[in-house]
Amino acid sequence: MIKEISVFLENEKSTSELGLKLSERLTSGLLIFLKGDLGAGKTCLVRSLLTSLGYQGKVKSPSYSLFEQYNISDTIINHFDLYRFKSAEEWLSAGFNDYINAYDITIIEWPERAENVLCEPDIEIEIMYENDINRKAFIRAQSKKGEVACKGLI
Ligand SMILES: Nc1ncnc2c1ncn2[C@@H]1O[C@H](COP(=O)(O)OP(=O)(O)O)[C@@H](O)[C@H]1O
Ligand SMILES: [Mg+2]
């Protein structure tokens, strides 16, 4: 069951607005995959989502640390970036699977790097370059929970 919607992102502000809308639709245990080339705007989207939820600190890209965790008003948000993974097994050996549960929200950039060991996401968002500032996002609901969260997103 995959329901896809696409949204034109005219500039960085539009990507941030999508992050805000997404933040309003998050439900517990949601697993979100973020795909797209380097610089497409994946972290930009997560940064906006976290600030919209009320996070006031600096949102670092987890491209070096692989993982950042946020606790915002008792909601845990796990933010992964697997770009540096050399093999999918690194996901398992790092024990990262333990972070995916029924309560916390998990967002994974570059899930392709661990695709064969990761479970299916509720939502997959793919951001494609159109040019320097224009992007197109494809939002795919891949579970009932994902579908409910995406309803009315755009
Ligand atoms: N429409 C857009 N959406 C998001 N970022 C944009 C857009 N246009 C330009 N940018 C720029 O592209 C870069 C996106 O960086 P980032 O979010 O870290 O990418 P990723 O996490 O996908 O590698 C930022 O420097 C941002 O200013
Ligand atoms: Mg990033």
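Not measured: the values here are computed from a predicted model.

**Student:** Could you give me a rundown of the overall build of the protein, with the residues and numbers involved?
**Tutor:** Looking only at helices and strands, the protein features four helices and seven strands. Written out in order from the N terminus, the α and β elements of the protein read β-α-β-α-β-β-α-β-β-β-α. Relative to the compact-globule value of 15 Å for 154 residues, the protein shows a C-alpha radius of gyration of 14 Å, a close match. If you sum the accessible surface of the protein, you get close to 8,000 Å²; carbon and sulfur atoms cover 49% of it. Charged side chains of the protein number 18 positive and 23 negative; the gap between the two group centres comes to 3 Å.

**Student:** Give me the coordination of the magnesium ion (ligand 2): which residues, what numbers.
**Tutor:** The protein atoms donating to the magnesium ion (ligand 2) are Thr43 (OG1) and Glu109 (OE), with metal-donor distances spanning 2.1 to 2.2 Å. With a gap of 66 residues between them, Thr43 in helix α2 (residues 42-52) and Glu109 in strand β5 (residues 105-109) connect regions that are remote in the sequence. Accessibility expressed as a relative area gives 12% for Thr43, which makes it buried.

**Student:** How would you explain the site of ligand 1 if you had to name every residue and give the values?
**Tutor:** In the vicinity of ligand 1 there are 16 residues, among which Glu12, Thr15, Gly39, Lys42 and Ile133 approach most closely. Take Ala40: an N or O atom from its main chain is 3.2 Å from an oxygen atom of ligand 1. One of the side-chain N or O atoms of Arg135 is found 3.4 Å from an oxygen atom in ligand 1. Those elements that place two or more of their residues in the shell around ligand 1 are α1 (12-23) and α2.

**Student:** Give me the lowdown on the pattern of salt bridges, citing residues and values where you can.
**Tutor:** Evaluation of the coordinates by the stated rule reveals nine salt bridges. Between Arg140 and Glu124 there is a salt bridge whose closest N-O contact spans 2.6 Å. Note that Arg140 is positioned in strand β7 (residues 135-141) and Glu124 in strand β6 (residues 123-129), a separation of 16 residues in sequence. What makes Glu124 buried here is its relative accessible area of 8%. Here Arg140 falls in the buried class, since its relative accessible area comes to 14%. Sharing partners across several salt bridges, the network here consists of Glu4, Lys35, Glu115, Glu124, Glu126 and Arg140.

**Student:** Could you give an account of the side chain of His79, naming the residues involved and the relevant values?
**Tutor:** With respect to the element layout, His79 can be found in strand β4 (residues 75-81). You can call His79 buried: its relative accessible area is 0%. Here Glu109 takes part through its side chain, which lies 2.8 Å from a polar atom of the side chain of His79.

Calculation rules
- Residues numbered from 1 in each chain as written.
- Chains lettered and ligands numbered in written order.
- Predicted model: local features only at pLDDT ≥ 70, side-chain atom pairs only at ≥ 80, totals over all residues.
- Heavy atoms only, no water.
- Helix = DSSP H or I, 4+ residues; strand = E, 2+ residues; numbered from the N terminus.
- Rg over C-alpha atoms; globule rule 2.2 N^0.38 Å.
- Areas by Shrake-Rupley, 256 points an atom, 1.4 Å probe, with all protein chains shown as cover.
- Lys, Arg positive; Asp, Glu negative; His and termini not counted.
- Charge placed at Lys NZ, Arg CZ, Asp CG, Glu CD.
- Donors = N, O, S within 2.8 Å, 3.2 Å for Na, K, Ca; no water.
- Buried < 20%, exposed > 50% of the residue type's maximum accessible area, 1.4 Å probe, protein only.
- Near = heavy atom within 4 Å.
- Polar contact = N/O pair within 3.5 Å; in protein donor to acceptor, adjacent residues only side chain to side chain.
- Salt bridge = Lys/Arg side-chain N within 4 Å of Asp/Glu carboxyl O.

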